[in-house]
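Here's the letter readout for the chains.
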Amino acid sequence: QHGRPAGDVPADPSHRSPGAALVDALRFSPLDWSVPKVGREVTRHALSNGAVVYLLPDRSLPLVRVQVRIKTGGFDDPAGREGLASLTGALLRQGGGGNLSADEIDEKLEFVAARLSTSGALESSGASLDVLTKDLDLGLFLLADVLIRPAFQSDKMEIQKGQIKEK
């Protein structure tokens, strides 16, 4: 199979970049990928607080990825306060949590080579944690802190507001 999808022919071959011929010469196998099925590869658990958890075990590496999706986002921003979900999503992680400052959370994550991020988008907000299996307890503790007990440090809030205004 060619590097270019079937039927995708450039309008004017004379306007192609020098690398286009190299891309056209690429050969690769078709992508073999399927969506995991709930009930087979994925288990679904409803928690007592209404949250739904999906688990897809993959023991090929000693890593855990946790993704949290929340049905709220920019579409819920009040009139005149557009960007609130985006600001909140960024500050959940950048503003610290619980009794820990943002810098203390950074230090703990760096010590165990973990990554924690949060975001707010138009239709949903979320968080993501990547951590070694042996450090899962610490990772979940930090994730819970930023989601349940966000600190929203004022200095970090001002920086984030400035970045949003620049966009």
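You'll find the structure just up there.
Residues numbered from 1 in each chain as written. Predicted model: local features only at pLDDT ≥ 70, side-chain atom pairs only at ≥ 80, totals over all residues. Heavy atoms only, no water.

Comments concerning the overall build of the chain
A tally of regular secondary structure across the chain gives five helices and five strands. Relative to the compact-globule value of 15 Å for 167 residues, the chain shows a C-alpha radius of gyration of 22 Å, a clear excess of over 25%. With the principal axes as the frame, the chain shows a C-alpha extent of 60 × 45 × 35 Å. Here the chain holds 167 residues, and 22% of them are scored as buried. In the chain, once contacts between residues fewer than 6 apart in sequence are set aside, the share between residues at least 24 apart is 62%. (Helix = DSSP H or I, 4+ residues; strand = E, 2+ residues; numbered from the N terminus. Rg over C-alpha atoms; globule rule 2.2 N^0.38 Å. Buried < 20%, exposed > 50% of the residue type's maximum accessible area, 1.4 Å probe, protein only. Contact = heavy atoms within 4.5 Å.)

What about the nonpolar core?
Membership of the largest hydrophobic core is limited to 12 residues, which are Leu 100, Ile 105, Leu 109, Val 112, Ala 114, Leu 116, Ala 127, Leu 129, Val 131, Leu 142, Leu 143 and Val 146. Of all the elements in the fold, those that place two or more residues in this core are α3 (102-111), β5 (125-132) and α4 (136-148). Here Leu 143 is in contact with Val 66, Val 68, Leu 116, Ala 127 and Leu 129, once residues within four sequence places are set aside. (Core = buried A, V, L, I, M, F, W, Y, C linked by side-chain atoms within 4.5 Å.)

Examining the packing of α3 against α4
Contact geometry for α3 and α4: axes closest at 11 Å, N-to-C directions at 155 degrees. In this view, α3 runs roughly antiparallel relative to α4, as classed from their interaxial angle. Between α3 and α4 lies a crossing whose hand is left-handed. Each of Ile 105, Lys 108 and Leu 109 in α3 lies in contact with α4, whose residues at this interface are Leu 138, Leu 142 and Val 146. Within the contact of α3 with α4, the residues separate by chemical class into five nonpolar, no polar and one charged. (Axes fitted to C-alpha atoms, helices over the stretch in contact; angles between N-to-C directions. Parallel < 35°, antiparallel > 145°, perpendicular 65-115°, else oblique. Left-handed = near helix turned anticlockwise from the far one by under 90°. Nonpolar A, V, L, I, M, F, W, Y, C, P; charged D, E, K, R; others polar.)

Thoughts on a nonpolar patch on the surface
A contiguous nonpolar patch, built from Val 23, Leu 26 and Phe 28 and spanning about 270 Å² of accessible area, is present on the exposed surface. Checked against the element boundaries, Phe 28 lands in the loop between α1 (18-25) and β1 (43-46). (Patch = residues over 30% accessible without salt bridge, like charges linked within 9 Å, V, L, I, M, F, W, Y side chains within 5 Å. Areas by Shrake-Rupley, 256 points an atom, 1.4 Å probe, with all protein chains shown as cover. Salt bridge = Lys/Arg side-chain N within 4 Å of Asp/Glu carboxyl O.)

Some words on helix α2 (residues 84-94)
Those residues of α2 not exposed but buried are Ala 85, Leu 87, Gly 89, Ala 90, Leu 91, Leu 92 and Arg 93. The elements touched by buried residues of α2 are α3, β4 (115-120), α4 and α5 (154-166). In the stretch just after α2, Gly 96 is the one whose phi turns positive, near 85 degrees.

Observations concerning the sheet that holds β5
The strand order across the open sheet formed by three strands is β3-β5-β4, and the pairing between neighbours is antiparallel. Two strands close off the open sheet at either side, each with one partner strand: β3 (63-70) and β4. For this sheet, the mean angle separating the axes of adjacent strands, direction not counted, is 10 degrees. Pairing geometry for β3 and β5, over eight bridges, is antiparallel. Paired with Val 64 across the strands is Val 131, a residue of β5. (Pairing = 2+ DSSP bridges.)

Considerations on the side chain of Arg 93
Relative to the assigned elements, Arg 93 resides in helix α2. Residue classification places Arg 93 among the buried residues on the basis of a relative accessible area of 13%. Only 2.9 Å separates the side chain of Arg 93 from the backbone oxygen of Leu 116, close enough to count as a polar contact. In this view, Arg 93 contacts Ala 102, Ile 105, Asp 106, Leu 109, Leu 116, Ser 117 and Thr 118; residues no more than four positions away in its chain are not counted. (Polar contact = N/O pair within 3.5 Å; in protein donor to acceptor, adjacent residues only side chain to side chain.)

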